[in-house]
Amino acid sequence: MEIQISGVKKYYHSEGKIIKALDGVNLTIPANKIFTLLGPSGCGKTTLLRSIVGLETPDEGEIRIGDTIVWSSEKRIDVPTEKRGLGMVFQTYAIWPHMDVFNNVAYPLQNMKLPKDEIERRVEKTLQFVQLEGFGSRPATRLSGGQQQRVALARALVAEPKVILFDEPLSNLDAKLREETRKELRSFLSELQITAVYVTHDRIEALALSDQIGVMRAGNIIEIGDPKKIYFDSEHQFVADFIGRSNLLPVTIQEQGKDFTKVVSAIGTFTCSKREFPAGSEITLCIRPEFVDLIDPADKGKHQNTLTGRMHTMVFVGEVYESEIMVGDQLIMVKVDPDSKVKEGDEVVVSIAAEHCLLVAR
Ligand code: ATP
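Since we're looking at a predicted model, the values are computed, not measured.

Attention shifts here to the overall build of the protein chain. Along the protein chain, the regular secondary structure elements total eight helices and 21 strands. Viewed in the frame of its principal axes, the protein chain has a C-alpha envelope of about 80 × 50 × 45 Å. Sequence-distant contacts in the protein chain: of pairs separated by 6 or more residues, those separated by 24 or more amount to 65%.

What follows is the structure in structure tokens.
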């Protein structure tokens, strides 16, 4: 089911100040996809999620789930949480330690007062789906963190909701388990015809899990796109910076060509992939470290966008050296092959292909 959020505002009042947690959010969350709300702490992700669920009451706007208006300030509609047909998985596992796995998962169905055999059938089916078949009688506390998270997922899925919402569900797991659970979750969700809304401030999680990402800043969605679009082709400096390590250089436009844009920075001119900006715009050139290529100085004339500098730092992190080159008084981050002969202090020449010179709004 599609979720439509129109003009949603939520203000908190704290110590005499107004905090604009949601500042007029307009957003369509597509049906049956994994949609992630990504942004730094305090940008309003949880407030938006809780407003969809009905655990938070916005001040203005309208929220629709499928064809149903579940909240509207103008029409004075406020459908209670339990009637919105949603499943939820939160940061704390929220499983009940005094119950076994079966009863944890069965709880929503028991609340709906379904017949006992129907509950048994649906719980078994769901436990099978999350690969916890045969765990029904196990006390919920005698499970690993990852298994507990799957119990929480099973409980959210057992009533067969059309929409499932996640608020940082993996943040209590260690790094390795988080990565495994993320993969599992993606494959579980892809198998179901379900709309998933996922909140995280972890960019890798957002990239790995989502069909679409909505990046939030200060109570607003500022950009929406699939993970590759958000990473390689973002439109705002904030997004480019938040989603991954990048070199950000202030530039001014020198020339708009047919299929390129030429810009000037403090360390030289760059030919960039074409992007139109209004005359006089103050913009930023974003270059990902992985696209800065070390080249043979003798070949300098054969390459585009070359820079000459000195290798400043080289930190070996396993797959690569995370390095910095000093060009003028600007440090440029670059990834260097682990078998490279280059050392700190060497003079180096790098080149960046125009297609990897991304111009973004500040
Ligand atoms: P995090 O990633 O840290 O959970 P978030 O993006 O989910 O952050 P929210 O929890 O939605 O952000 O908070 C948005 C803003 O509203 C923040 O400035 C926060 O301090 C404020 N806020 C949230 N809840 C309340 C509250 N009950 N009273 C006052 N201010 C609040």
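Now for the site of the ligand. In the vicinity of the ligand, 13 residues are found, and the nearest of them are Tyr-12, Ala-21, Ser-41, Thr-46 and Thr-47. Of all the elements in the fold, those that place two or more residues in the shell around the ligand are β1 (3–14), β2 (17–29) and α1 (45–53). Among the elements that take part in the shell around the ligand, α1 stands out by supplying three residues, more than any other.

The strand order across the open sheet formed by five strands is β2-β1-β4-β5-β6, and the pairing between neighbours is antiparallel. Of all strands in the sheet, those bounded by a partner on one side alone are β2 and β6 (77–78). In terms of strand pairing, strand β4 (residues 60–65) meets strand β5 (residues 68–72) through four bridges, oriented antiparallel. Counted as the bridge partner of Ile-65 is Thr-68 from β5.

Residues Val-163, Ile-164, Leu-165, Ala-196, Val-197 and Leu-285 are the most contacted members of the largest nonpolar core, which totals 89 residues. Top contributing element to this core by residue count: helix α4 (residues 145–157), with six residues. Formed jointly, this core draws a minimum of three residues from each of two domains, domain 1 (3–238) and domain 2 (245–361). Excluding its chain neighbours within four sequence positions, the residues that come into contact with Leu-285 are Leu-249, Val-251, Val-263, Ser-265, Phe-270, Cys-272, Cys-357 and Leu-359.

All right, on to the confidence of the model for the protein chain then. When pLDDT is averaged across the protein chain, the result is 92; 99% of the residues are at 70 or more. Looking at the elements of the protein chain, mean pLDDT is at its lowest for helix α5 (residues 175–191), recorded as 84, and at its highest for β4, recorded as 98. Across the interface, the model reports ipTM at 0.97; the global pTM reads 0.89.

Our next topic: the domain arrangement of the protein chain. When its domains are assigned, the protein chain resolves into domain 1 (3–238) and domain 2 (245–361). Taking only C-alpha atoms, the centre of domain 1 and the centre of domain 2 are 39 Å apart. Counting residues at the interface gives five residues for domain 1, matched by six residues for domain 2. For the side of domain 1 that touches domain 2, a count of residues per class yields no nonpolar, three polar and two charged.

Definitions and limits used
- Residues numbered from 1 in each chain as written.
- Predicted model: local features only at pLDDT ≥ 70, side-chain atom pairs only at ≥ 80, totals over all residues.
- Helix = DSSP H or I, 4+ residues; strand = E, 2+ residues; numbered from the N terminus.
- Contact = placed C-beta atoms within 7 Å.
- Near = placed C-beta within 6 Å.
- Pairing = 2+ DSSP bridges.
- Core = buried A, V, L, I, M, F, W, Y, C linked by C-beta atoms within 7 Å.
- Buried ≥ 20, exposed ≤ 12 C-beta atoms within 10 Å, placed from the backbone.
- Domains from an automatic or database assignment.
- pLDDT = per-residue confidence, 0-100.
- Nonpolar A, V, L, I, M, F, W, Y, C, P; charged D, E, K, R; others polar.

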